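What follows is each chain in one-letter form.
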Amino acid sequence: MRTRLLAALAAALLLLSGCTSDGTRDDGRITLRFQSLAWQQESVAATKELVREWNAAHPEVRVEYVQGSWDSVHDQLLTAFEGGEAPDIVHDASDDLADFAYGGYLADLTGLLPERLTSDIPRQSWESVTFGDGVYGVPFLQEPRVLVANAAWLRKSGVRIPTPGRPWSWAEFRQVTERLSGDGKYGVAWPLKEPVSATLNLSLTAGGRLFHRGPDGKVTVRFEAGDQVVPRTVHDQVNTDRSAPASTLGSGGSDTLPGFFAGRYAMVPLGFSYRQQIAQQAPEGFEWQVLPAPAGGEGLTQGVSPQTLSIAEDSPHKKEAAAFLDFLLRPRNMVRLALGDWMLPTGTQALKDPALHTREHGWATGTALARHLRPAPAQSVRGYPEWKDKVATPALQEYYSGAIGLPELRERLEEDGNLVLARYQR
């Protein structure tokens, strides 16, 4: 009886709304639910404005904007997918897609997207959303990690200022931070509350891979020489040179900004989008600049997990959803989204926009790094979230604080890590 009552209530609500259960109105119009994770005021405004423009031009296919949150997106989407209530269009990040793609929750976009869009985004970006033989998202925004520096402090010190054409090596970076330190001040502050992504993505500069896929398709963890360059640099800056404070290792990027503005830290490694907070919060007269992250044997190469737009496998209107993605990600629209989020577009035409090549706020420096960005090492590794949370995060935090040495870090990442990954590869 209770089940029949609930079913009757659901049917009544659908009748009142004028929609069928597949999102189609009685008059034939289609409604697509688009869950966006835009959260900064500028990016929310840009996204909503684009939705309004689409709706004005396409009265037969209406897009409903649904606000999501980065803080809970994985669990929220999993619940929605399993309950058959997922939005038609899903905003996420590429490093969160593997389990959803392999689990059959996302539509394979092969053949759904127009050639204009697929050819405009570089191959390496598409690799970040390719799982098996399918493509399960459109990568549209990305951000390199950069050094945000106190410009006056660096200028006064006389150190060489790096550029994308001539960056610091990791060894030179360590020497510079030691030179800038003393009297209670530090050359760099590492905000490593979430240490895994920063460590793995920057390790690509030194040839680090960490995850190795064998001929049988199974992945194993190997902590080799290239993987050790970045962790050793951070560890030695904190524990040997005293050029980085231990107190920020458990902090998020925003937590370091007061100390940066107060002149306690000369530099802070941050994602490119943090420039918005800095521009808004910096004291009047404070001079700051954006520098490329240090380079290793692989140059400026670093890993990224682009923001993505996917279509739910259960959506009955995949072609219409793909048409909306094509509209949303036209070059001029992709630029609007990138400027709103203070990030870089993946599209080659959008990257040519003059607004992304200005010196103000370091846009030109970030855009110069775009061609060096590659998929994050863990991109297609099943079980990565558990490996990250249960193995890598505590191990790296203990190593960076000096509680364990490099041999124990290697043992935990490899032995404990491979035990975790093996459960997902049977």
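Bear in mind the structure is a predicted one, so any value in this text is a computation, not a measurement.

Caption draft 1: The arrangement of the overall build of the chain in detail. Looking only at helices and strands, the chain has 18 helices and 15 strands in total. Radius of gyration (C-alpha) of the chain: 23 Å, near the 22 Å computed for a compact globule of 426 residues. Summarising its shape, the C-alpha atoms of the chain cover approximately 70 × 50 × 40 Å along the three principal directions. In the chain, of all internal contacts separated by at least 6 residues, the share reaching a separation of at least 24 is 73%. On the chain, roughly 19,000 Å² of surface is accessible, and the fraction owed to carbon and sulfur atoms is 50%. Separation between the mean location of the 43 positive side-chain charges and that of the 51 negative ones in the chain comes to 3 Å.

Caption draft 2: Molecular detail of the sheet that holds strand β10 (residues 267-271). Within the open sheet, the three strands sit side by side as β10-β7-β11. Their pairing is antiparallel. Of all strands in the sheet, those bounded by a partner on one side alone are β10 and β11 (288-292). Averaged over all pairs of adjacent strands, the angle between strand axes in this sheet comes to 35°, irrespective of strand direction. The pairing of strand β7 (residues 145-150) with β10 spans five bridges and is classified as antiparallel. Note on β10: the bridge partner recorded for V146 is L270.

Caption draft 3: Up close: the side chain of S125. Examined against the element boundaries, S125 turns out to sit in helix α6 (residues 123-127). For S125, a relative accessible area of 6% corresponds to the buried category. Setting aside chain neighbours within four positions, we find S125 in contact with P139, Q142 and T346.

Caption draft 4: Expanded view of the pattern of salt bridges. Scanning the entire structure with this criterion turns up 15 salt bridges. Taking the shortest distance from any N to any O, the salt bridge between R222 and E224 comes out at 3.0 Å. For R222, a relative accessible area of 36% gives the class partly exposed. Here E386 ties to R423 by a salt bridge, and the two come within 2.2 Å at their closest N and O atoms. In this pair, E386 sits in helix α17 (residues 384-401) while R423 sits in the segment after α18 (406-422), placing the two residues 37 residues apart along the sequence. Residue E386 is classed as buried on the basis of its relative accessible area, which comes to 14%. What makes R423 partly exposed here is its relative accessible area of 43%. Beyond isolated ion pairs, a larger network of salt bridges with shared partners links R174, D236 and D241.

Caption draft 5: Expanded view of the packing of helix α2 (residues 41-57) against helix α14 (residues 331-341). Direction vectors running N to C along α2 and α14 enclose 155°, while the axes themselves pass 7 Å from each other. By the criterion of interaxial angle, the relationship of α2 to α14 is roughly antiparallel. Both α2 and α14 take part in a crossing whose hand is left-handed. Residues E42, S43, A46, T47, E49, L50 and E53 of α2 form the contact with α14, whose own contacting residues are R332, N333, R336, L337, L339, G340 and D341. The residue inventory of the contact of α2 with α14, partitioned by class, reads four nonpolar, four polar and six charged.

Caption draft 6: Fine view of the confidence of the model for the chain. Considering every residue of the chain, the mean pLDDT works out to 92; 94% of them sit at 70 or more. Low pLDDT (under 50) marks residues 1-21, which in the prediction has 10 contacts with non-local residues, meaning those over four places away or in another chain.

Caption draft 7: Region of the structure containing a negative patch on the surface. On the surface, a cluster of negative charge is contributed by D108, D133, E313 and D314. Counting through the fold element by element, E313 comes out in the loop between β13 (307-311) and α13 (318-328).

Caption draft 8: Spotlight on the nonpolar core. Formed by 51 residues in total, the largest nonpolar core has its most connected members in F34, V138, F324, L328 and L329. With six residues, α13 is the single largest residue contributor to this core.

Caption draft 9: Broad picture of helix α10 (residues 225-239). Its 15 residues give α10 an end-to-end C-alpha distance of 20 Å, which sits within 8% of 21 Å, the value for a rise of 1.5 Å per residue. At P231, α10 shows its maximal bend, which comes to roughly 25°. Counting buried positions over the 15 residues of α10 gives 11, a clear majority of the element. If you check which residues of α10 are buried, you get G226, D227, Q228, V230, P231, T233, V234, H235, D236, Q237 and V238.

Caption draft 10: Quick look at the packing of aromatic side chains. Under the counting rule described, the total for this entry stands at 22 aromatic pairs. Between W170 and F173, the aromatic rings sit 5.9 Å apart at their centres with planes inclined by 80°, giving edge-to-face as the arrangement. Pair noted here: W170 and F173 are both in helix α8 (residues 170-180), with a separation of three residues, about one helical turn. Relative accessible area serves as the criterion here: at 4%, W170 is assigned to the buried category.

Basis of the calculations
- Residues numbered from 1 in each chain as written.
- Predicted model: local features only at pLDDT ≥ 70, side-chain atom pairs only at ≥ 80, totals over all residues.
- Heavy atoms only, no water.
- Helix = DSSP H or I, 4+ residues; strand = E, 2+ residues; numbered from the N terminus.
- Rg over C-alpha atoms; globule rule 2.2 N^0.38 Å.
- Contact = heavy atoms within 4.5 Å.
- Areas by Shrake-Rupley, 256 points an atom, 1.4 Å probe, with all protein chains shown as cover.
- Lys, Arg positive; Asp, Glu negative; His and termini not counted.
- Charge placed at Lys NZ, Arg CZ, Asp CG, Glu CD.
- Pairing = 2+ DSSP bridges.
- Axes fitted to C-alpha atoms, helices over the stretch in contact; angles between N-to-C directions.
- Buried < 20%, exposed > 50% of the residue type's maximum accessible area, 1.4 Å probe, protein only.
- Salt bridge = Lys/Arg side-chain N within 4 Å of Asp/Glu carboxyl O.
- Parallel < 35°, antiparallel > 145°, perpendicular 65-115°, else oblique.
- Left-handed = near helix turned anticlockwise from the far one by under 90°.
- Nonpolar A, V, L, I, M, F, W, Y, C, P; charged D, E, K, R; others polar.
- pLDDT = per-residue confidence, 0-100.
- Patch = residues over 30% accessible without salt bridge, like charges linked within 9 Å, V, L, I, M, F, W, Y side chains within 5 Å.
- Core = buried A, V, L, I, M, F, W, Y, C linked by side-chain atoms within 4.5 Å.
- Expected span 1.5 Å × (residues − 1).
- Bend = angle between axes of the 7 residues up to and from the residue.
- Phe/Tyr/Trp six-rings, centres within 6.5 Å; stacked < 30°, edge-to-face > 60°.

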